[in-house]
Amino acid sequence: MQRVIKVGMADLKVVIEPDVLTTLGLGSCVGIALYDKYKKIAGLAHIMLPSSQQIKNNSNPAKFADTAIELLIQEMLNQGAVLSRISAKIAGGSQMFSFGNNGSDLMKIGYRNTVATKEILAASKIPILSEDTGGNHGRTIEFYSETGDLLVKTIGHGVKTI
Amino acid sequence: MSFSIDDLNNLHLDVLREIGNIGSGNAASALAKMINKRIDMAVPIVQILPFEGVAAILGGEEMVVAGIYFLVEGDISGNIMFLLDIASSKVLTNMLMGREDMSEEFDEMDRSALQEVGNILCGSYLNSLSALTGLNLKLSVPSLCIDMAGAILSVPAIQFSQTSDKVVLIETLLSEGSYKVKGNFFLIPDSNSFDKLLESLGVYM
């Protein structure tokens, strides 16, 4: 039986074929989908902030790009994934609101989350196969452990598989 | 010492509720003047929730909602978000423009009207806060986004997440005849401003 498992905000989960991972309403957060296509092990993290280094309140590793990716990889390895086979797809990182030039750095958090995610994946030597990031709209994503497909749904910006 | 939302006690909640009450009252009067009709208001509900719980209140992460976001500057800095479901948004724009449009589409006029209502409501709220605390507070121009609740809420959630995993939510119910408008205010002081705010209200621990 295929189960659909929800990944909340600042949360991460790992599943094995045939289960599906989903996270609803990604805005400035980034969904990081990692996949071992031989073992069909899929992991999904929903991160909120780029780095655990800059914040005092950092007890939840799934909240930050750096610690979430590290933990997600570890949990996939625990399930039998092999690091050299893991690839990534990412989605999210929107700027939902804008205030012209007056916006604080916080308004660019989506962009910063995306950049940090890419840097950390590169440092971990995990290739990014595809991405749907940026813009100013929300996304719901579904990650299929059978195929490694990442389905991206939006309001008014269509549906696509990346 | 830095104060976090986790440290809020019942007294703080009462104070926030009272500000919500006065602010919503002023907002309702402003709205009533604008549309020249009587507006009733229920006592606001102030809640502190883990951010995972917020989307559920609005009908789930994928529910389409309207969010109007402001920067707050002056003696304290932070943000205010005013969030409405689509039905309430339509009721508000219909009230303002004196028409009965039942579609769920929002054209430029609707969007502009929504931003203006948000501006009046959040402005009234902030003025109450300013009057009570003696703090000088300024509101930026509004920025509107109509999209999935989860995506819109990610913006205040990210801000809150730097200091806490919880949010302060003030739920206001305005009604005009049989039309009901349910609005949610999120008060998001920057981490250092929270102490200052509570201190100005005389309830800092």
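Placed above this text is the structure.
Residues numbered from 1 in each chain as written. Chains lettered and ligands numbered in written order. Predicted model: local features only at pLDDT ≥ 70, side-chain atom pairs only at ≥ 80, totals over all residues. Heavy atoms only, no water.

Peer 1: Now, about the pattern of salt bridges: what can you tell me, with residues and values included?
Peer 2: When the charged atoms of two side chains lie near each other, side chains of opposite charge can form a pair. Residue and element names in this part refer to chain A. For the structure shown, the criterion picks out 10 salt bridges over all chains. Across the pair R85 and D36 runs a salt bridge whose closest N-O atoms are separated by 3.1 Å. Taken together, the residues span a long stretch of sequence, with R85 in the loop between helix 1 (65-78) and strand 6 (86-92) and D36 in strand 4 (residues 30-36) at a distance of 49 residues. For D36, a relative accessible area of 0% gives the class buried. Close ionic contact of K118 with E131 constitutes a salt bridge, the shortest N to O distance being 2.9 Å. Residue K118 is located in helix 2 (residues 109-123), and its partner E131 is located in strand 7 (residues 128-133); the two are separated by 13 residues in the primary sequence. (Salt bridge = Lys/Arg side-chain N within 4 Å of Asp/Glu carboxyl O. Helix = DSSP H or I, 4+ residues; strand = E, 2+ residues; numbered from the N terminus. Buried < 20%, exposed > 50% of the residue type's maximum accessible area, 1.4 Å probe, protein only.)

Peer 1: Could you give me a rundown of the sheet that holds strand 7 of chain A, with the residues and numbers involved?
Peer 2: Residues and elements named next belong to chain A. What the five strands build is an open sheet, ordered 2-5-4-6-7; its pairing is mixed. With partners counted over all chains shown, the strands left at the sheet margins are strand 2 (11-16) and strand 7, one partner each. Across the sheet, the mean angle from the axis of one strand to that of its neighbour is 15 degrees, orientation sign disregarded. Helix 1 rests against strand 2, strand 4, strand 5 (41-47) and strand 6 of the sheet, and its axis sits at about 160 degrees to strand 5. Sitting on the sheet, helix 2 is in contact with strand 4, strand 5, strand 6 and strand 7, with an inclination near 25 degrees to strand 4. (Pairing = 2+ DSSP bridges. Axes fitted to C-alpha atoms, helices over the stretch in contact; angles between N-to-C directions. Contact = heavy atoms within 4.5 Å.)

Peer 1: With reference to specific residues and values, describe the packing of helix 1 (residues 10-35) of chain B against helix 4 (residues 108-133) of chain B.
Peer 2: Residues and elements named next belong to chain B. Running from amino to carboxyl end, helix 1 crosses helix 4 at an angle of 135 degrees, the nearest separation of the two axes being 8 Å. Classified by the angle their axes make, helix 1 and helix 4 are oblique. Two packed elements cross with a definite hand, and for helix 1 against helix 4 that hand is right-handed. Across the interface between the two elements, I19, G20, I22, G23, N26, A27, A30, L31 and M34 from helix 1 touch E116, V117, I120, L121, S124, Y125, S128, L129 and L132 from helix 4. Among the residues forming the contact of helix 1 with helix 4, the class breakdown is 12 nonpolar, five polar and one charged. (Parallel < 35°, antiparallel > 145°, perpendicular 65-115°, else oblique. Left-handed = near helix turned anticlockwise from the far one by under 90°. Nonpolar A, V, L, I, M, F, W, Y, C, P; charged D, E, K, R; others polar.)

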